[in-house]
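Next come the chains, spelled out residue by residue.
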Amino acid sequence: MPYLIDGHNLIPKIPGLDLGDVDDEIQLVELLQEFCRNRRKQVEVYFDNAPPGQPRARNYGMVLARFARAGQSADEMIHARLQRLGRSARNWTVVSSDHQVQAAARAARAQAVSSEAFAQLLGEALGETRPEPGVDMDSGLSAEDIDEWLALFGTQRDDE
């Protein structure tokens, strides 16, 4: 089941991401790309405030990032997308903790999942990409980088 995600609603629910970061959207997109590779899912993520002079939609493999132009919100874009999907909206899952977005999803017969619940699912999915103990994989990451990522998702090294 593909996902429609309220990006700025999800970012603060993910440890290590912050709406105040200049590159918060791309950080989320990178995590979603890994999620899509792991779970073989398709994601459309919606953000407010399209950067001036930039395209309003950018494709990142299985992740399509859409940016709302001035005078429009990501919430409105998600609602419009659900309407365009029509009856096939029931095959989609909407990720947002915004009650109006969840209501629009339910009205369209789509699944509605809170950002908190999806952040947990995302963490679990990304945890699946860790190599099994004893498998030597040259990731190019330092031990400090690995510890930082593990802390980000609330896990520990297997050797601790």
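Residues numbered from 1 in each chain as written. Predicted model: local features only at pLDDT ≥ 70, side-chain atom pairs only at ≥ 80, totals over all residues. Heavy atoms only, no water.

K.L.:
How should I be thinking about the side chain of Asp6 in this particular structure?
P.N.:
Note that Asp6 resides in strand β1 (residues 3-6). When sequence neighbours within four positions are dropped, the list of residues in contact with Asp6 reads Tyr46, Asp75, Ile78, Val95, Ser96, Asp98 and Val101. (Helix = DSSP H or I, 4+ residues; strand = E, 2+ residues; numbered from the N terminus. Contact = heavy atoms within 4.5 Å.)

K.L.:
Could you clarify how one ought to interpret helix α3 (residues 74-85) in this entry?
P.N.:
Helical geometry note: an α-helix holds 3.6 residues per turn, so side chains three or four residues apart project in the same direction. Here α3 is twelve residues long and its end C-alpha atoms lie 16 Å apart, about the 16 Å a rise of 1.5 Å per residue gives. When α3 is considered as a whole, its buried residues turn out to be Ala74, Met77, Ile78, Arg81, Leu82 and Leu85. Each buried residue of α3 lies within a common arc of 140 degrees when the element is viewed along its axis, so the set occupies one face. On the buried face of α3, the contacting elements are β1, β2 (43-47), β4 (63-67), β5 (93-95) and α4 (99-107). (Expected span 1.5 Å × (residues − 1). Buried < 20%, exposed > 50% of the residue type's maximum accessible area, 1.4 Å probe, protein only. Arc of directions from axis to C-beta.)

K.L.:
I tried to follow the environment of Arg66 on my own but got confused; where do I start?
P.N.:
Here Arg66 is to be found in strand β4. Remark: the alpha-carbon pair of Arg66 and Val45, spanning 21 residues in sequence, is separated by 6.2 Å. Setting aside chain neighbours within four positions, we find Arg66 in contact with Glu44, Val45, Tyr46, Phe47, Arg56, Ala57 and Met77.

K.L.:
What am I meant to see in the environment of Glu30 here?
P.N.:
Structurally, Glu30 is set in helix α2 (residues 24-39). A residue is classified by how much of its surface remains accessible, and Glu30, at 45% relative accessible area, is partly exposed.

K.L.:
Sorry if this is basic, but what is going on with the packing of aromatic side chains here?
P.N.:
The relative placement of two aromatic rings is captured by the distance of their centres and the angle of their planes. Evaluated as defined, the whole model comprises four aromatic pairs. Ring geometry for Phe35 and Phe118: centres 5.2 Å apart, planes at 70 degrees, overall edge-to-face. Of this pair, Phe35 sits in helix α2 while Phe118 sits in helix α5 (residues 115-127), and the two are 83 residues apart along the sequence. Taken individually, Phe35 and Phe118 each receive the classification buried, so the pair is uniform in this respect. (Phe/Tyr/Trp six-rings, centres within 6.5 Å; stacked < 30°, edge-to-face > 60°.)

K.L.:
Just checking my understanding: could you explain the pattern of salt bridges for this structure?
P.N.:
Counted under the stated rule, the structure contains four salt bridges. Lys13 is paired through a salt bridge with Glu116; the nearest N and O atoms lie 3.6 Å apart. Within this pair, whereas Lys13 is found in the loop between α1 (7-10) and α2, its partner Glu116 is found in helix α5, the two being separated by 103 residues in sequence. Note that Arg66 and Glu44 form a salt bridge whose closest N and O atoms lie 3.8 Å from each other. With a gap of 22 residues between them, Arg66 in strand β4 and Glu44 in strand β2 connect regions that are remote in the sequence. Arg66 gets classed as partly exposed once you look at its relative accessible area, which sits at 24%. Linked through salt bridges whose partners overlap, the residues forming this network are Glu44, Arg66 and Arg81. (Salt bridge = Lys/Arg side-chain N within 4 Å of Asp/Glu carboxyl O.)

K.L.:
Before we go on, may I ask you to explain the sheet that holds β2 in this structure?
P.N.:
Read across the open sheet, the six strands follow the order β3-β4-β2-β1-β5-β6; overall the sheet is mixed. Strand pairing shows two members of the sheet lacking a second neighbour, β3 (57-60) and β6 (111-113), which therefore form its edges. Direction aside, the axes of adjacent strands within the sheet are offset by 20 degrees on average. Pairing analysis gives four bridges linking β3 to β4, with the strands arranged antiparallel. Within the sheet, the bridge partner assigned to Arg58 lies in β4 and is Ala65. Set on the sheet, α4 makes contact with β1, β5 and β6; between it and β6 the angle comes to about 160 degrees. (Pairing = 2+ DSSP bridges. Axes fitted to C-alpha atoms, helices over the stretch in contact; angles between N-to-C directions.)

K.L.:
Looking at this model, I keep getting lost on the nonpolar core. Mind explaining?
P.N.:
Most often, soluble globular proteins keep nonpolar side chains buried together rather than apart. Among the nonpolar cores identified, the biggest contains 24 residues, and Ile5, Leu28, Leu32, Val43, Val45 and Phe118 are the most heavily contacted of them. If you list the elements that add at least two residues to this core, you get β1, α2, β2, β4 and α5. It is α2 that contributes the most residues to this core, six residues altogether. Apart from the residues within four sequence positions on either side, Val45 is in contact with Ile5, Gly7, Leu28, Val29, Leu32, Val63, Leu64, Ala65 and Arg66. Within the second largest apolar cluster, 16 residues are counted, among which are Leu4, Met77, Leu85 and Trp92. (Core = buried A, V, L, I, M, F, W, Y, C linked by side-chain atoms within 4.5 Å.)

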